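# Structural overview for review
For reference, the chains in residue letters:
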Amino acid sequence: MDKQTKGYLYAALATLLLASGYIINSIVMRSAGPLTAALYMFAFSAALLLVIVLATSRQEKFMRSLKKFRKQMIMLGLLTSIASTSWFSGLILVGPSV
């Protein structure tokens, strides 16, 4: 498959997944608070990452990257936590359609 076709495929896949993310988030927000919804989302993402890393036999490369970029990963985690909590709190205030 050439690069242009892959690009179109990735763009279409990203559009479908992004749209489904908003729908799933609005469903979760009906029964959970912003922190619980963020916990579900990030726990699922971490579990999926672990499955992918274990399935592709890239454990060594993954562990080297974690050790090499430890400070950056911690900072990224903190900023992402603040951003996601703010985003879910905003969903409560204005609703998912806005």
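Residues numbered from 1 in each chain as written. Predicted model: local features only at pLDDT ≥ 70, side-chain atom pairs only at ≥ 80, totals over all residues. Heavy atoms only, no water.

## Structural notes on the overall build of the chain
Secondary structure assignment for the chain yields 4 helices and 0 strands. Beginning at the N terminus, the succession of helices and strands in the chain can be written as α-α-α-α. Computed over its C-alpha atoms, the radius of gyration of the chain comes to 17 Å, more than 25% above the 13 Å expected for a compact globule of 98 residues. Taken over the C-alpha atoms alone, the chain extends approximately 40 × 35 × 20 Å along its principal axes. Per-residue burial over the chain gives 12% buried out of 98 residues. Accessible area of the chain: about 8100 Å², with a carbon and sulfur share of 72%. (Helix = DSSP H or I, 4+ residues; strand = E, 2+ residues; numbered from the N terminus. Rg over C-alpha atoms; globule rule 2.2 N^0.38 Å. Buried < 20%, exposed > 50% of the residue type's maximum accessible area, 1.4 Å probe, protein only. Areas by Shrake-Rupley, 256 points an atom, 1.4 Å probe, with all protein chains shown as cover.)

## Focus: helix α4 (residues 70-94)
Its 25 residues give α4 an end-to-end C-alpha distance of 36 Å, which sits within 8% of 36 Å, the value for a rise of 1.5 Å per residue. Within α4, the full set of buried residues consists of Ser84, Phe88 and Leu91. (Expected span 1.5 Å × (residues − 1).)

## What to know about the packing of helix α3 (residues 59-68) against α4
Relative orientation of the contacting elements α3 and α4 amounts to 80°, with a least axis distance of 5 Å. One element, α3, and the other, α4, form an angle in the roughly perpendicular class. Contact with α3, carried on its side by Leu66, Lys67 and Lys68, involves Arg70, Gln72 and Met73 of α4 and no other residues of that element. For the contact of α3 with α4, the per-class residue count stands at 2 nonpolar, 1 polar and 3 charged. (Axes fitted to C-alpha atoms, helices over the stretch in contact; angles between N-to-C directions. Parallel < 35°, antiparallel > 145°, perpendicular 65-115°, else oblique. Contact = heavy atoms within 4.5 Å. Nonpolar A, V, L, I, M, F, W, Y, C, P; charged D, E, K, R; others polar.)

## Comments concerning a nonpolar patch on the surface
On the surface, Met63, Leu66, Phe69 and Met73 cluster together into a nonpolar patch covering about 330 Å² of accessible area. By the element assignment, Met63 lies in helix α3. Judged by relative accessible area, which is 43%, Met63 ranks as partly exposed. (Patch = residues over 30% accessible without salt bridge, like charges linked within 9 Å, V, L, I, M, F, W, Y side chains within 5 Å. Salt bridge = Lys/Arg side-chain N within 4 Å of Asp/Glu carboxyl O.)

## So, the nonpolar core
In a soluble, globular protein the nonpolar side chains are often hidden away together inside. Within the largest apolar cluster, 5 residues are counted, these being Met29, Ala37, Ala38, Phe88 and Leu91. Elements with a minimum of two residues in this core: α2 (34-55) and α4. When neighbours within four sequence positions are excluded, Ala37 is seen to be in contact with Val28, Met29, Ala32 and Phe88. (Core = buried A, V, L, I, M, F, W, Y, C linked by side-chain atoms within 4.5 Å.)

## Quick notes on the environment of Val53
Take Val53: it is sitting in helix α2. The contact partners of Val53, leaving out residues within four places of it in the chain, are Arg58, Gln59 and Phe62.

## So, the packing of helix α1 (residues 3-31) against α4
Put simply, α1 and α4 touch, their axes get as near as 11 Å, and they point 70° apart. Comparing their axes, α4 and α1 come out roughly perpendicular. As α1 runs across α4, the sense of the crossing is right-handed. Contacts between α1 and α4 involve Tyr22, Asn25 and Met29 from the first element and Trp87, Phe88, Leu91 and Ile92 from the second. Across the contact of α1 with α4, the residue classes break down as 6 nonpolar, 1 polar and no charged. (Left-handed = near helix turned anticlockwise from the far one by under 90°.)

The values are spatial; any link to function lies outside them.
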